[in-house]
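Examination of the molecular architecture
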Amino acid sequence: MRNYDLAIIDGDGIGPEVNAQAVKALEAAAAVHGFTLTTTPYELGAQTYLDTGTLIDSDTISALQCHDAIMFGAMGDPRVTPGILERGLILRMRRELRQQVNLRPVRLYPGVPTPIKDLDPTRCDFVVVRENTEGMYVGGGSTVHGGTTNAVALQESVNTASAIADVVDYSFRLAGQRRNKLTLCHKKNVLVHAGELWQTIVDEHAARYPSVEVDYVHADAMCQHMPMSPERFDVIVTDNLFGDIISDLGATIQGGLGVAASANLNLDGLAPSMFEPVHGSAPDIAGRGWANPAAAVLSAGMCLAALGEGKAALALENAAASVLGELRELAGPGMGASTDELGDRIVARITSDVTEIDTARISIMTAMAAV
Ligand code: IPM
Ligand code: MN
């Protein structure tokens, strides 16, 4: 029987609660669809850092490297200075495991209200492909005359042709499996050096993928077009910081961070991809059973798709979507059930029979992980 070896990183705040539901759903999907899972928990996050002073060491990175995939909950804790956990853990894992693509699908689920007036669900089904290891996120720079009125902060953005080409090539291949439309999102009217490099690489690839229609939208204009004319987009490829920002807007269009899933995809096949809800650790509601597990469960669906278990991925996604449609609120005590109960409801709806369902959707899901 096929077995997948998963690393489980719960992290902070609501991370353990939602990740537990994701793992529960994965186990259920495995039982129904005829494969098994091995899970190894990793204690990483604020508490470990506060207890030991260590964020993650290279032995742990090496150990993570050997798994088939990583399920990640959330990270962030008010007791730790902002930036320490983010840079030292999440960004380090994304970089060291060469998870060059951060894939964030944006689609509407039946029954989940979108704040965009009169938005028909058929008009909204696109993915944000965010470059995941470079740009402003590299963190280079310096401060001169810090603490004085003459302070100067330099924050560098790193953009390498090879990383951009990997992400752009992935995006073209993904567009080819979807609706053959790729939009580059940047700010090339201002960030002329990085913008020109991105555009040049997109143009080179456009010649190699003639069936894909190519478009360009500035990042600021994107914030208007995404909510107003989402049907215009299929695959949006963008740099790390723009991707971070517009994917939160995407989550809002979907009905909130409670439903937004993501995959940090390793493209060289030599390290695992990592699946995480887009939302943060929400320390204010941690431990109360108020967190919506849907984003984590939908991320688990992306994990199954990436492992090649397309049918199970779709069954899991359908189960989560049907439960989502019944929620009164997307998080908090008014949700109508606890985090754990929602996980149980999702599990109960994972079926083996997905025959009536569009097989094209399965191939689109598995294509997300195509390398
Ligand atoms: C995300 C988060 C992270 C990011 C933070 C927590 C470092 O906002 O996954 O979008 O900026 O990438
Ligand atoms: Mn973000």
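Residues numbered from 1 in each chain as written. Chains lettered and ligands numbered in written order. Predicted model: local features only at pLDDT ≥ 70, side-chain atom pairs only at ≥ 80, totals over all residues. Heavy atoms only, no water.

With respect to the overall build of the protein
Here is the rule: Numbered from the N terminus, helices here are DSSP runs of H or I no shorter than four residues, and strands are runs of E no shorter than two. Each radius of gyration is computed over the set of C-alpha atoms, and the globule rule expresses the reference value as 2.2 Å times the number of residues to the power 0.38. For the exposure calls, accessible area comes from a 1.4 Å probe over protein chains only, and a residue counts as buried if that area is under 20% of its type's maximum, exposed if over 50%, partly exposed in between.
A tally of helices and strands in the protein yields twelve helices and twelve strands. Against the globule reference of 21 Å for 371 residues, the protein gives a C-alpha radius of gyration of 20 Å, in line with a compact fold. Overall size of the protein, expressed as C-alpha extent along the three principal axes, is 55 × 55 × 45 Å. Put simply, the protein has 371 residues, and 54% of those count as buried.

Topic: the pairing of strand β2 (residues 35-41)
To be explicit about the condition: Paired strands, as defined in this entry, are two strands with at least two bridges between them according to DSSP. A clockwise path from the first strand over the helix to the second, with the strands pointing away from the viewer, defines a right-handed crossover.
In terms of strand pairing, strand β1 (residues 2-11) meets β2 through seven bridges, oriented parallel. Among the inter-strand pairings, I8 is bridged to a residue of β2, identified as P41. Read from β1 through helix α1 (residues 15-33) to β2, the crossover connection turns out right-handed.

Let's talk about the site of ligand 1
Just so we agree on the cut-off: Any residue with at least one heavy atom within 4 Å of a molecule or strand is counted as near it. Counting of polar contacts relies on pairs of N or O atoms within 3.5 Å, with two restrictions inside protein: one atom must be capable of donating a hydrogen and the other of accepting it, and residues adjacent in sequence are counted only when both atoms are side-chain atoms. Areas reported as accessible are Shrake-Rupley estimates using a 1.4 Å probe. Residue values count occlusion only from the protein chains shown.
Close to ligand 1 lie E86, I90, R94, R104, R130, Y137 and D244. Here an oxygen atom of ligand 1 and a side-chain polar atom of R104 are 2.8 Å apart. R130 places a side-chain nitrogen or oxygen 2.7 Å from an oxygen atom of ligand 1. The protein chains hide 78% of the 320 Å² of surface that ligand 1 would expose on its own. Top element by residues in the shell around ligand 1 is helix α4 (residues 84-96). It accounts for three residues.

Things to note about the packing of helix α3 (residues 58-65) against α4
Note the threshold: The convention used is that axes are lines fitted to C-alpha atoms, helices contributing only their stretch in contact, and that angles between N-to-C directions extend from 0 to 180 degrees. Any angle that is under 35 degrees is reported as roughly parallel, and any over 145 degrees as roughly antiparallel; angles of 65 to 115 degrees are reported as roughly perpendicular and all others as oblique. For a crossing to be left-handed, the near helix must be turned anticlockwise from the far one by less than a right angle; the clockwise case is right-handed. In what follows, a contact means two residues having at least one pair of non-hydrogen atoms within 4.5 Å.
Following both chains from N to C, one finds α3 and α4 inclined at 55 degrees, their axes separated by 11 Å at the closest point. With respect to each other, α3 and α4 are oriented oblique. Note that α3 runs across α4; the crossing there is right-handed. In this structure, α3 contributes S58, I61, L64 and Q65 to the contact, and α4 contributes R92, M93 and E96.

A short note on the packing of aromatic side chains
What counts is decided by this rule: Pairing of aromatic rings covers Phe, Tyr and the six-membered ring of Trp, with a centre-to-centre limit of 6.5 Å; geometry is then stacked below 30 degrees between planes, edge-to-face above 60, and tilted otherwise.
If you walk through the whole model with that rule in mind, you get three aromatic pairs. A centroid spacing of 5.5 Å and a plane angle of 75 degrees characterise the contact between Y4 and F35, whose relative ring orientation is edge-to-face. Of the two residues, Y4 is situated in strand β1 and F35 in strand β2; the sequence distance between them amounts to 31 residues. Of the two residues examined, Y4 and F35, each falls in the buried class.

Thoughts on a nonpolar patch on the surface
Filter applied, for reference: Without a salt bridge and with relative accessible area above 30%, a residue can belong to a patch; like charges are then joined within 9 Å and nonpolar side chains (Val, Leu, Ile, Met, Phe, Trp, Tyr) within 5 Å. Take a side-chain nitrogen of Lys or Arg and a carboxyl oxygen of Asp or Glu: if they are within 4 Å of each other, that pair is a salt bridge.
On the surface, V144, V152 and L154 cluster together to form a nonpolar patch covering roughly 220 Å² of accessible area. Secondary-structure assignment places L154 in strand β7 (residues 152-155). Judged by relative accessible area, which is 46%, L154 ranks as partly exposed.

Examining helix α12 (residues 359-367)
Those residues of α12 that fall on the buried side of the exposure criterion are R361, I362, M365 and A367. Looking at the buried side of α12, the elements it contacts are β4 (101-107), β5 (125-131), α5 (161-177), α9 (294-306) and α10 (310-324).

Focus on the pairing of β1
In this sheet, strand β3 (residues 69-74) lies alongside β1 in parallel orientation, the contact comprising five bridges. When the sheet's bridge partners are listed, L6 is paired in β3 with A69.

Examining the nonpolar core
The line we're drawing: Among the buried residues, those of types Ala, Val, Leu, Ile, Met, Phe, Trp, Tyr and Cys that are joined through side-chain atoms within 4.5 Å form a nonpolar core.
Among the nonpolar cores identified, the biggest contains 79 residues, and L6, L103, V129, Y170, L174, L316 and L324 are the most heavily contacted of them. Tallying contributions element by element places α10 first for this core, with ten residues. One finds Y42, I56, V80 and L85 within the second-largest nonpolar core, a separate group that totals 20 residues.

Observations regarding unusual backbone geometry
Of note, N180 is a non-glycine position whose phi angle comes to about 60 degrees, a positive value. Take N180: it is sitting in the loop between α5 and β8 (181-186). Owing to a relative accessible area of 26%, N180 belongs among the partly exposed residues under this scheme.

Re the environment of A63
Along the polypeptide, A63 turns up in helix α3. Given the relative accessible area of 29%, A63 is considered partly exposed. Separated by 64 residues in sequence, A63 and V127 place their C-alpha atoms 31 Å apart.

A short note on the pattern of salt bridges
All chains considered together, the criterion is met by 21 salt bridges. Across the pair E309 and R2 runs a salt bridge whose closest N-O atoms are separated by 2.5 Å. Residue E309 is located in the loop between α9 and α10, and its partner R2 is located in strand β1; the two are separated by 307 residues in the primary sequence. Here E309 falls in the buried class, since its relative accessible area comes to 8%. Of the charged contacts in the structure, one is a salt bridge between E231 and R123, with a shortest N-O distance of 2.9 Å.

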